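Architecture and fold: a report
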Amino acid sequence: MSLDDPHAKPHDRLATLLAAEMDAVNAVIRERMASRHAPRIPEVTAHLVEAGGKRLRPMLTLAAAKLCGYEGPYHVHLAATVEFIHTATLLHDDVVDESAQRRGRPTANLLWDNKSSVLVGDYLFARSFQLMTETGNLRVLRILSDAAATIAEGEVLQLTAAQNLSTTEDIYRQVVRGKTAALFSAATEVGGVIAERPEDEVRALFDYGDALGIAFQIVDDLLDYWGSDATGKNVGDDFRERKLTLPVIKAVARADGEERAFWTRVIEKGDQRDDDLPHAIALMDKHGALEATRAEALSWVARAKDAMGRLPQGEIRDLLIDLADYVVARVN
């Protein structure tokens, strides 16, 4: 694909620009997911790693390092680390959510079992820590290990916040920072750290990843009700799983007594009927919850672009700005 193709998506153009580095990352991933003693580990890992996906998180690490002029070898290690952490969380998430499908294929826990998914996820977390220590950079180790802890914390918070109508927008954002934005911001921040850039640039990279990750998740939650082929989900998946995402939280906050009784029945009690999804979407439309959610996603994209504006000019910076715009282009 040509970088000059006006119809190409930003992440595809980024993948073209970083093709050689991504090949090196994929080689490290294949090497480190091997196991002499437990062949199920590469079987399960390969099922998920080779299922496609945009590899957006490791590309963010490579792009941040390249933007900062880094010329050493360790951005490849860090990109592989980020992908291993992401893959481990997917394996665990599918067990927690009792999912049967991811990226259009049966999940690992369905093909093998929950025990295999959890234990292979643990193995990938361990591998990620081995990789990050090879950089010899204690700050990088702290950033990525903090992100791993924040991800786990966000998942546990989501367990307690899910199906609880008293969940606020602040709690939702805290969950989103854990489940999505923490790894985005760590992925971009370590690119600046490994390149030994000034603190204001490292902070800008963190801010970009944080805002991009939050926007990314808000859009994903919005598309569950607006619909899109881009997510690989069916309209209403989150509703059927009784997930309290931002559109629902906004609609509940504006609900009258009768509407609140509806949300209590379908979300808290899980008593859902055939016509409940259309009614839920109608209530969101009535209170402007979907438009308000879209506006919030746009505001986070603006923050991401502002952060990127504090970094050196160049092709990579322009692509990362385009990437932020593309996140919300799906709901324009």
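The structure we're discussing is the one just above.
Heads up: these notes are all about the structure in this document. Values in this document were obtained by computation on a predicted structure and should not be read as measured data. (Residues numbered from 1 in each chain as written. Predicted model: local features only at pLDDT ≥ 70, side-chain atom pairs only at ≥ 80, totals over all residues. Heavy atoms only, no water.)

**As for the nonpolar core**
- Leu 60, Leu 144, Tyr 208, Trp 263, Met 284 and Leu 320 are the most contacted members of the largest nonpolar core, which totals 102 residues.
- Here this core takes 13 residues from helix H10 (residues 199–226), the largest share from any one element.
- The contact partners of Leu 320, leaving out residues within four places of it in the chain, are Leu 14, Leu 60, Ala 63, Leu 67, Tyr 208 and Met 308. (Core = buried A, V, L, I, M, F, W, Y, C linked by side-chain atoms within 4.5 Å. Buried < 20%, exposed > 50% of the residue type's maximum accessible area, 1.4 Å probe, protein only. Helix = DSSP H or I, 4+ residues; strand = E, 2+ residues; numbered from the N terminus. Contact = heavy atoms within 4.5 Å.)

**As for the environment of Tyr 123**
- Tracing the backbone through its elements, the reader meets Tyr 123 in helix H7 (residues 114–133).
- Residues Tyr 123 and Ser 35, spaced 88 residues apart in sequence, show a C-alpha to C-alpha distance of 9.9 Å.
- In contact with Tyr 123, other than residues within four places in its own chain, are Arg 32, Met 33, Ala 34, Ser 35 and Ile 41.

**Some words on the pattern of salt bridges**
- With the rule as written, the count across this model stands at 23 salt bridges.
- Residue Glu 169 is joined to Lys 250 by a salt bridge in which the shortest nitrogen-to-oxygen separation is 3.1 Å. Of this pair, Glu 169 sits in helix H9 (residues 169–194) while Lys 250 sits in helix H12 (residues 246–253), placing them 81 residues apart in sequence.
- Classification of Glu 169 by relative accessible area gives partly exposed; the value is 22%.
- According to the relative accessible area criterion, Lys 250 is buried, its value standing at 7%.
- What emerges from the salt-bridge pattern is a single network uniting Glu 169, Asp 170, Arg 173, Lys 250 and Glu 296. (Salt bridge = Lys/Arg side-chain N within 4 Å of Asp/Glu carboxyl O.)

**Quick look at H10**
- The terminal C-alpha atoms of H10 lie 40 Å apart, and with 28 residues this matches the ideal 40 Å at 1.5 Å per residue to within 8%.
- Counting buried residues along H10, 22 of its 28 residues qualify, which places the element largely inside the surrounding structure.
- Phi for Gly 227, located one or two positions after H10, is positive at around 85°. (Expected span 1.5 Å × (residues − 1).)

**Describing the packing of aromatic side chains**
- Under the defined criterion, the tally for this structure stands at two aromatic pairs.
- Taking the ring centre of Phe 216 as reference, the NZ or CZ of Arg 57 above it sits at 5.9 Å.
- The side chain of Arg 303 reaches across the aromatic face of Trp 300, ending 3.8 Å from its centre. (Phe/Tyr/Trp six-rings, centres within 6.5 Å; stacked < 30°, edge-to-face > 60°. Lys NZ or Arg CZ within 6 Å of the ring centre and 35° of its normal.)

Function-wise, these values are silent; they only describe arrangement.
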